[in-house]
Amino acid sequence: MSEFIVSARKYRPQDWNDVVGQSSITDTLQNAIESGKLAHAFLFCGPRGVGKTTCARIFAKKINQKELNDPNEDFAFNVFELDAASNNSTDDIKHLIEQVRIPPQKGSYKVYVVDEVHMLSAQAFNAFLKTLEEPPPYAIFILATTEKHKILPTILSRCQIYDFSRITIEDMTAHLAGIAEQEGYEYENDGLAIIAKKADGALRDALSIFDQIASFSRGKLTYQNVVDNLGVLDLDLYFNLVDAINEENIQKSVLLYHDVINGGYDNHHFLLGLTEHYRNLIMAASPDTVHLIEAGDNVRTQYQEQFKTLDTAYILNALEVLGTADGEFRQSKNKRLLIELCLMQLCSLKAHQKKKSKRVAIIPPNGIKIEPQIQVDQVVPKDISLPDKVDVKAKEIRAFQPQPNDGKKVVKRKKAFSINQKLAEPSKKEVTKQESGGMSLERDNQPVNQDGLEAMWNKYANYIRKQGKVSFHTTLTTKKPRLDGNVIHFTINNAVQEEDFNLHRAEILEFLRTNLKNFDLQLQWKMEEMEVEANLYTPTQKFNRLVEKNPDIQLLRQTFDLDIDF
């Protein structure tokens, strides 16, 4: 039985042309070698598994091959690799500096590759600075790191910096297809695309997953085998779910989600997958953006076909609902219910788009009847009570309209007015008339005293506290209102309290006028800044304050020649 070598090692690039997805960097390094303009220090930074160490080894081999014109020699003995994750002390760097003093026995350059250089201690970095800035002419340093931000600026300024990017889904899929052909595996591009997407831009991770699935499926890298092995949700589920949502079928949508839960899949992954599905539908709307869908050509065609059954506004609203659910997911204690409610809202989007409603309420499924709710204005209060929590701008005081009768004199009614209109000039007598059978009732304004005002003011303050407006309740109860004729005076201390009064002015007046039965009442307030006593810090300030309260203390200090400092 032959020894098995993992694909990440077996197919590690040995030449510039074999490097995947880093053409801009490999072209630059090739041109530098051919022109002979080599820097003495390089910094390769980027995510894991994108080819930093591989490019460093190829670079070290190529610069010596060019000098000796020997393409078969790998010059491995001229390449020294140091793992800074485990050799990060000052002594390790000093040992490296001692090696740098020895020139190469064969070839023109010695290349020192320091991997995970950000793990070096601060003392080790300082010990490395001088050698890194002025090394011998035959020494070249290549520093590799995944966390560029942790490297000292003094190190960065001494290096040529190359930023390696994540490898794209297309490049990775093509590379995996080439390996599968060399190994004699059966494969589907959609399955390889799932592997590439799962690797998140790291080719080494993709090759590890590739080997795992090849063992699981006995060399058959089909889409279904990849999905079964990686535990990712089948895209057909999302296509079916979106169709059910588009049909406003709540029951079918919830049942599909129930199958996901029974399959042992993660709730959050399902939610993120559905969000990404709607995002891909937006990308499928135009041939210019369809390539942004990270999937195979067959799947992209499916997205384009499904998009034809939807409209862009609906998809954007669905993404907004899903984004809200994602934001609430972490704080939710019943995550399954949260996702089910999200699905119900998605099924109800079309109905609310027709109504142009801003809030997405859940439309009940077919067969379920909802009894109509009793409207607030249908209930007749038994007595005058606290004002309901309604929109002040929309509330109106309605006057009974007189009914015409034969030959009888009809009293003309006043026009109903909004509570948000100016109430500064009410009539001297507010008459409420109700004609019924030729009879009319008339009521004058009742006199108001200070005690009655305070009692009703406190009653309104208690109502505000029950509404949860603790700050405004404190403002109302800190000081008492003062009655001067029909004008109520109140004092506030700051702009915040003034803003609260401006918001509640109409409501306060309506409550007091209605319950005190006097519609001539006015409400005025003025601001008086509270004087804040300055803090006393120094002994002299404290002594002066004591002298203000008791001048004899000054005499005591002079008599006994006391010092203020203590």
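Residues numbered from 1 in each chain as written. Predicted model: local features only at pLDDT ≥ 70, side-chain atom pairs only at ≥ 80, totals over all residues. Heavy atoms only, no water.

All right, on to the confidence of the model for the protein chain then. Summing up the model confidence of the protein chain, the mean pLDDT is 78 and the portion of residues at 70 or higher is 80%. In this model, residues 367-387 is a region of pLDDT below 50 whose contacts with residues beyond four sequence positions or in other chains number 14 contacts. In this model, residues 389-443 is a region of pLDDT below 50 whose contacts with residues beyond four sequence positions or in other chains number 62 contacts. (pLDDT = per-residue confidence, 0-100. Contact = heavy atoms within 4.5 Å.)

A word on the pattern of salt bridges. Evaluation of the coordinates by the stated rule reveals 15 salt bridges. Between Arg48 and Asp205 there is a salt bridge; the shortest N-O distance is 2.6 Å. One end of the pair, Arg48, is in the loop between strand 1 (41-45) and helix 3 (52-68); the other, Asp205, is in helix 9 (residues 203-217), with 157 residues separating them in the sequence. Note on Arg48: relative accessible area 48%, which makes it partly exposed. (Salt bridge = Lys/Arg side-chain N within 4 Å of Asp/Glu carboxyl O. Helix = DSSP H or I, 4+ residues; strand = E, 2+ residues; numbered from the N terminus. Buried < 20%, exposed > 50% of the residue type's maximum accessible area, 1.4 Å probe, protein only.)

Moving on: helix 11 (residues 235-246). For helix 11, built from twelve residues, the straight-helix expectation of 16 Å at 1.5 Å per residue is met to within 8% by its first-to-last C-alpha distance of 17 Å. Of all the twelve residues making up helix 11, nine are buried; the element is thus mostly covered by neighbouring parts of the structure. Regarding helix 11, the residues found buried are Leu235, Leu237, Tyr238, Phe239, Leu241, Val242, Ala244, Ile245 and Asn246. Just downstream of helix 11, Glu248 is the residue with a positive phi angle, here 60°. (Expected span 1.5 Å × (residues − 1).)

Further remarks concern unusual backbone geometry. Peptide bonds are trans in most cases, and residues, glycine excluded, mostly fall at negative phi. The backbone of Asp200 sits at a positive phi, close to 55°, despite the residue not being glycine. Take Asp200: it is sitting in the loop between helix 8 (189-199) and helix 9. Unusually for a residue other than glycine, Glu248 sits at a positive phi of about 60°. One can find Glu248 in the loop between helix 11 and helix 12 (250-262).

Considering the arrangement of structural elements, one finds Tyr162 in strand 5 (residues 160-163). Through-space distance from the C-alpha of Tyr162 to that of Ser24 is 9.7 Å; in sequence the pair is 138 residues apart. Leaving out residues up to four positions away in the same chain, Tyr162 has contacts with Ile25, Thr28, Leu29, Phe42, Leu43, Phe44 and Cys45.

Strand order in the open sheet formed by three strands is 10-11-12, with mixed pairing between adjacent strands. Edge positions in the sheet fall to strand 10 (482-484) and strand 12 (522-527), since each of these pairs with one other strand and no more. Within the sheet, the average angular offset between the axes of one strand and its neighbour, ignoring direction, is 30°. As judged from the three bridges shared by strand 10 and strand 11 (residues 487-492), these two strands associate in the antiparallel manner. Residue Arg482 lies in a different strand from strand 11, and its bridge partner there is His489. Here helix 20 (residues 495-516) sits on the sheet and contacts strand 11 and strand 12; the angle it forms with strand 12, its principal contact strand, is near 165°. (Pairing = 2+ DSSP bridges. Axes fitted to C-alpha atoms, helices over the stretch in contact; angles between N-to-C directions.)

What follows covers a nonpolar patch on the surface. Side chains of Leu556, Phe560 and Leu562 sit close together on the surface and give an oily, nonpolar patch of about 300 Å² of accessible area. Residue classification places Leu556 among the partly exposed residues on the basis of a relative accessible area of 44%. (Patch = residues over 30% accessible without salt bridge, like charges linked within 9 Å, V, L, I, M, F, W, Y side chains within 5 Å. Areas by Shrake-Rupley, 256 points an atom, 1.4 Å probe, with all protein chains shown as cover.)

Here the focus is the environment of Val113. Summarising the element assignment, Val113 is placed in strand 3 (residues 110-115). Sequence spacing of Val113 and Arg57 is 56 residues, and the spatial spacing of their C-alpha atoms is 8.2 Å. Every residue in contact with Val113, bar those within four places of it in the chain, is listed here: Ala56, Val79, Phe80, Glu81, Leu82 and Ile142.

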